[in-house]
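Each chain, letter by letter, is given below.
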Amino acid sequence: MIDQIHITEDDTFVDLGSGVGQVVLQVAALTPCKVCVGIEKADTPCKYAMEMDRLYTKWMRWYGKRHSEYRLRKGDFLKKEHRENITTSSIVFVNNFAFGPTVDHQLKEVFADLRDGARIVSSKSFCPLNFRITDRNLSDIGTIMHVSELSPMKGSVSWTGKPVSYFLHIIDRTKVCAMKVAVYVCMSVSGGNILSVF
Ligand SMILES: C[S@@+](CC[C@H](N)C(=O)[O-])C[C@H]1O[C@@H](n2cnc3c(N)ncnc32)[C@H](O)[C@@H]1O
């Protein structure tokens, strides 16, 4: 991911379900990101994340390495107190391969409030790669994002039997605005009921 999405000092990164925190610590070590945050709710990974944090600080200091500011938080990323932190982030990472449809749906509701240009990297895509806007799916998250598959990394390890792909989503509301204008024009020209479209 770090090789394929350009991360700058203007970016703020959040890992939703950060486990032991290794993704957050890697991003903090290898990129100039302004701040990297991890949110994890399970007790055991949180316990190891504290130890990761301690050892990371110790060894980064020992080797004289700089790193971006980071925070490993314990909590449920679906709770209200994390919402602003997520919706103001410019890069959201979520390894959601094993999340169920309910959590994915709740995440989509949060992502609807991300700013234009925000990027979401996930191990399961939030909309089909071939998503096309029609007058019947105007409330779908696919209407405000472009999605593509990141090139799989050679020699990567995985907890499944197969390599896991990652998907990049970029928030872009001009897509749905253009569609709405087109529908509006068509309805006006055809004398249809415009209100029913919106
Ligand atoms: C597959 S692990 C990903 C760990 C790390 N981000 C990575 O990519 O290696 C998914 C993590 O999400 C956490 N998780 C699931 N639902 C969550 C929620 N609502 N709030 C916070 N963490 C959650 C799980 O406890 C688990 O540790």
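Remember, it's a predicted structure, so these values are computed and weren't measured experimentally.

(A) Region of the structure containing helix H2 (residues 43–62). Between the first and last C-alpha of H2 there are 29 Å, a value that for 20 residues agrees with the 28 Å anticipated at 1.5 Å per step. The element H2 is largely exposed, with a buried count of 2 among its 20 residues. In the stretch just after H2, Gly64 is the one whose phi turns positive, near 65 degrees.

(B) Molecular detail of helix H5 (residues 174–190). With 17 residues, H5 extends 24 Å from end C-alpha to end C-alpha; this agrees with the ideal 24 Å at 1.5 Å per step. Burial runs low along H5: only 0 of the 17 residues are buried. Once H5 ends, the next one or two residues include Gly191, with phi positive near 70 degrees.

(C) Broad picture of the nonpolar core. Counting residues in each nonpolar core, the largest one holds 36 residues, and the members touching the most others are Phe13, Val24, Val27, Cys36 and Val92. At the level of elements, strand E1 (12–16), helix H1 (22–30), strand E2 (35–40), H2, strand E3 (69–74), strand E4 (91–94), helix H4 (101–111) and strand E5 (119–122) are the ones that each hand at least two residues to this core. Take this core: its biggest share by element is 5 residues, from H1. Sequence-distant contacts of Val92, that is, excluding residues within four places in its chain, are made with Val14, Leu16, Ile86, Ala118 and Ile120.

(D) Quick look at the sheet that holds E4. A sheet is described by the order of its strands in space; here 7 strands give the open sequence E3-E2-E1-E4-E5-E7-E6, paired in mixed fashion. The open sheet terminates on both sides in strands that have one partner only, identified here as E3 and strand E6 (145–149). With direction set aside, neighbouring strand axes in the sheet form an average angle of 15 degrees. Bridge count between E6 and strand E7 (residues 167–171): 5 bridges; the pairing is antiparallel. In the sheet register, Ser148 faces E7, and the bridge partner there is Leu168. Sheet strands touched by H1: E1, E2, E3 and E4. Its angle to E2, the strand with the most contacts, is close to 175 degrees.

Basis of the calculations
- Residues numbered from 1 in each chain as written.
- Predicted model: local features only at pLDDT ≥ 70, side-chain atom pairs only at ≥ 80, totals over all residues.
- Helix = DSSP H or I, 4+ residues; strand = E, 2+ residues; numbered from the N terminus.
- Expected span 1.5 Å × (residues − 1).
- Buried ≥ 20, exposed ≤ 12 C-beta atoms within 10 Å, placed from the backbone.
- Core = buried A, V, L, I, M, F, W, Y, C linked by C-beta atoms within 7 Å.
- Contact = placed C-beta atoms within 7 Å.
- Pairing = 2+ DSSP bridges.
- Axes fitted to C-alpha atoms, helices over the stretch in contact; angles between N-to-C directions.

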